Protein chains: 2
Amino acid sequence: MELRHLRYFMAVASAQSFTKAAAALHVSQPSLSVQIRALEDELGSRLFDRLGRKVSLTQAGEVFHDHAERAVRELERAAQLVREVHGA
Amino acid sequence: MELRHLRYFMAVASAQSFTKAAAALHVSQPSLSVQIRALEDELGSRLFDRLGRKVSLTQAGEVFHDHAERAVRELERAAQLVREVHGA
DNA sequence: CGGGCTTACGGTGTGCGTAAATATC
DNA sequence: GATATTTACGCACACCGTAAGCCCG
């Protein structure tokens, strides 16, 4: 698992669509699809229900989303603080 | 920034040595060194003081360590919960 | 049928390891 | 002078984009 997977995952969850998420991330839809699939394989569960028109989080997906969001936030905060300190 | 950078960073902070951290991570010391450097470049601050024998966290490094640890923990927890749910 | 996700397939950037250089004690 | 980190260099793998395939409304 890499942060890229989390960023992609969050984008799809937010957009409820692979197509829109791919556009927002400036990557192609196939790349996004493959990476989400890799994440799902690693975690051993589907994270999204692909329902033709709308993509929605599975139960596992919602659980993951909750924690992933916190983790990403934590890292953004970490980077921000380091840049503020800027102390050698 | 990718999770790999965080894992490497945590390992060096823990071992207080690039050599030992590289062994623990099963990667070569040069690879580890390069990745830490990349992280430092991205954050705009040195995270470690290289003092010949001992490697120690800078002030920026300590700040980053605090948050990075929480983020990594959060992700481990997320993965664990998803594997437990295992619901579609 | 049409929009959208997936699978297939090459190309390319980047992380990795080996080897050489530099620095600190 | 030895141990430890950094720099140099080539390679291999994995991400990416394009193109083709599939599926659901």
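Basis of the calculations
Residues numbered from 1 in each chain as written. Chains lettered and ligands numbered in written order. Predicted model: local features only at pLDDT ≥ 70, side-chain atom pairs only at ≥ 80, totals over all residues. Heavy atoms only, no water. Pairing = 2+ DSSP bridges. Helix = DSSP H or I, 4+ residues; strand = E, 2+ residues; numbered from the N terminus. Contact = heavy atoms within 4.5 Å. Salt bridge = Lys/Arg side-chain N within 4 Å of Asp/Glu carboxyl O. Near = heavy atom within 4 Å. Polar contact = N/O pair within 3.5 Å; in protein donor to acceptor, adjacent residues only side chain to side chain.

Description of the pairing of strand β2 (residues 54-57) of chain A
All names here are of chain A.
Phase 1: Where strand β1 (residues 48-51) and β2 come together, four bridges link them in antiparallel fashion. Residue F48 lies in a different strand from β2, and its bridge partner there is L57.
Phase 2: Remark: two residues form the turn of the hairpin made by β1 and β2, two consecutive strands paired antiparallel; G52 in that turn has positive phi of roughly 70 degrees.

Some details on the interface of chain A and chain B
Phase 1: Contact residues are listed per partner, giving 34 residues for chain A and 34 residues for chain B.
Phase 2: For the salt bridge of R70 of chain B with E74 of chain A, the shortest nitrogen-to-oxygen distance reads 3.8 Å.
Phase 3: Among the elements of the structure, α1 (3-15), α3 (29-43) and α4 (59-85) of chain A are those that each provide at least two residues to the side of chain A that touches chain B.
Phase 4: If one sorts the elements of the side of chain A that touches chain B by residue count, α4 of chain A sits on top with 17 residues.

Things to note about the protein's contact with DNA strand C
Phase 1: Taken together, 21 residues form the shell around DNA strand C, and within it T19, Q29, S33 and R50 of chain A together with Y8 of chain B come nearest.
Phase 2: Each atom of DNA strand C within 4 Å of the protein was classed as base or backbone; sugar and phosphate made up 72%.
Phase 3: Taking R37 of chain A, its side chain carries an N or O atom lying 3.4 Å from a phosphate oxygen of DNA strand C.
Phase 4: In this structure, Y8 of chain B approaches DNA strand C through a side-chain N or O atom, which is 2.5 Å from a phosphate oxygen.
Phase 5: Listing elements by their share of the surface near DNA strand C, those giving two or more residues are α2 (18-25) and α3 of chain A together with α1 (3-15) and α3 (29-43) of chain B.
Phase 6: For the surface near DNA strand C, the leading source of residues is α3 of chain A, giving five residues.

Structural measurements only, silent on function.
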